[in-house]
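Report on the structure
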Amino acid sequence: MIFGRSERGEPPVEPVTLKILVAGGFGVGKTTLVGAVSEIRPLRTEEVLTEAGRPVDDTSGVEGKRTTTVAMDFGRITLREDLVLYLFGTPGQDRFWFLWDELATGALGAVVLADTRRLEDCFAAVDYFERRSIPFVVGVNCFEDMPRYPAEAVRQALDLDDGVPVVLCDARERESVKEVLIEVVGHAMAHAAGRGERVST
C-alpha cells in the first residue's frame, strides 16, 4: 500500500463491519471464545468472584471459576478482506442483564453459548433474542470429560425452531470459533433476506 492505495493502483477495500453478540449463562466460556478468535488483544471487564457474591453466583459445574465479566468482552476478527466482525461478550449473571439492551443495539446476530451440564442457563439468552427477532446460533461448548450430545438433542432440549442452527464447538480453539461465527453471519443474512432487508458483505 502506498498513500492509501494498493501497488496496482486500486483503492483499498473498505471493509463492512458487523456486530455480533456472544451470550449465554455464567461460566459457559464467553470470555474464552472472544479471546480465542480476536485478532486484537481483547478488552475484558472481569472482576474476582468474592464471598459476597456467593449467594447470587451459582458456580455449580464451574467450581474452578475465579473471575466474572461485569460489563462486556470485546474483540475483533477479520473473516475476509472486506468483512470484519466486532464481538461483544455479554455478562452472564442476572444482575448485569440491564446492559444487554445497550450491547444488542445494532447487532446483526448472536451466538448463544451453551454448556450441556447447565443447559437451563442459556434459556434466558434464547428467549431474549427470540423476543427481539435477533437471529442467533446456539454454540454448544464441548468441555472436556463431559457427555457429548447430538445437535438435534440439544435443539429439542432447548425447544428451538428448526431454523436455528446448533453447532458443536470448542470455545478455546480459533478455527472452531471461526466456524461458529461464519454460521452466525450466514444465518443472519438469510434471516434478513427473508424479511426483505439487505445486509452488504
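Here is what the cut-offs are and how they apply
- Residues take numbers from 1 onward in each chain, read along the sequence in its written order.
- Predicted model: local features are reported for residues with pLDDT of at least 70 only, side-chain atom pairs are reported and counted for 80 or more only, and whole-chain, interface and lining totals are derived from all residues.
- Only hydrogens and water are set aside when side-chain values are computed; all heavy atoms of the structure are taken into account.
- Helix and strand definitions follow DSSP, with helices as H or I runs of at least four residues and strands as E runs of at least two, each counted in order from the N terminus.
- Helix span is expected to be 1.5 Å times the residue number reduced by one.
- In this scheme, a residue with accessible area under 20% of its type's maximum is buried, one over 50% is exposed, and one in between is partly exposed, where area comes from a 1.4 Å probe on protein chains only.
- Two rings from Phe, Tyr or Trp (for Trp, the six-membered ring) form a pair when their centres are within 6.5 Å of each other. A pair whose planes differ by under 30 degrees is stacked, one over 60 is edge-to-face, and the rest are tilted.
- Residues belong to a common nonpolar core when they are buried Ala, Val, Leu, Ile, Met, Phe, Trp, Tyr or Cys residues joined through side-chain atoms within 4.5 Å.
- In predicted models, pLDDT denotes the confidence assigned by the predictor to each residue on a 0 to 100 scale.
- The criterion used for residue contact is that any of the two residues' heavy atoms lie within 4.5 Å.

1. Here we look at helix α5 (residues 174-194)
Counted at 1.5 Å a residue, the expected span for α5 with its 21 residues is 30 Å, and the 30 Å between its end C-alpha atoms agrees. Burial in α5 covers these residues: V177, V180, L181, V184, V185, H187, A188 and A192. Directly beyond the C-terminal end of α5, a positive phi value near 75° is found at G196.

2. Things to note about the packing of aromatic side chains
A full pass over the atoms with the stated rule returns six aromatic pairs. For the ring pair W100 and Y128, a centre distance of 5.2 Å and an interplane angle of 80° mean the geometry is edge-to-face. Here W100, found in helix α2 (residues 100-104), pairs with Y128, found in helix α3 (residues 123-131); they are 28 residues apart in sequence, far enough to count as distant. Residue Y128 is classed as buried on the basis of its relative accessible area, which comes to 8%. Here Y128 and F129 contribute two aromatic rings whose centre-to-centre distance is 5.3 Å and whose plane-to-plane angle is 90°, an arrangement assigned as edge-to-face. Across the pair, F129 and Y128 agree in class, each one buried. Within the aromatic cluster, the residues linked to one another by ring pairs are W100, Y128, F129 and F136.

3. Some remarks on unusual backbone geometry
Most peptide bonds take the trans configuration, and most residues that are not glycine carry a negative phi. The backbone of S133 shows a phi angle near 55°, a positive value even though the residue is not glycine. With respect to the helices and strands, S133 occurs in the loop between α3 and β6 (136-141). Taking relative accessible area as the criterion, S133 reaches 39% and is therefore assigned partly exposed. Notably, D159 is not glycine yet its phi reads approximately 55°, a positive angle. Positionally, D159 belongs in the loop between α4 (151-158) and β7 (166-169). When its relative accessible area of 64% is taken as the criterion, D159 is described as exposed.

4. What about the nonpolar core?
Of all hydrophobic cores here, the largest spans 26 residues; its most connected members are L21, V112, F129, F136, V138, L158 and L160. At the level of secondary structure, the elements contributing two or more residues to this core comprise β1 (16-24), α2, β5 (109-114), α3, β6 and α4. Counting residues in hydrophobic clusters, the runner-up holds 24 residues, among them V22, V34, V37 and A171.

5. Remarks on the confidence of the model for the protein
Residues at a pLDDT of 70 or more form 75% of the protein, whose mean pLDDT is 83. The secondary structure element of the protein with the lowest average pLDDT is strand β2 (residues 43-48), at 60, and the one with the highest is β6, at 98. Confidence over residues 1-6 falls short of pLDDT 50; this stretch has seven contacts with residues more than four positions distant or in other chains. Low confidence marks residues 49-55, where pLDDT is under 50. Its contacts with residues over four positions away, or in another chain, come to seven contacts.

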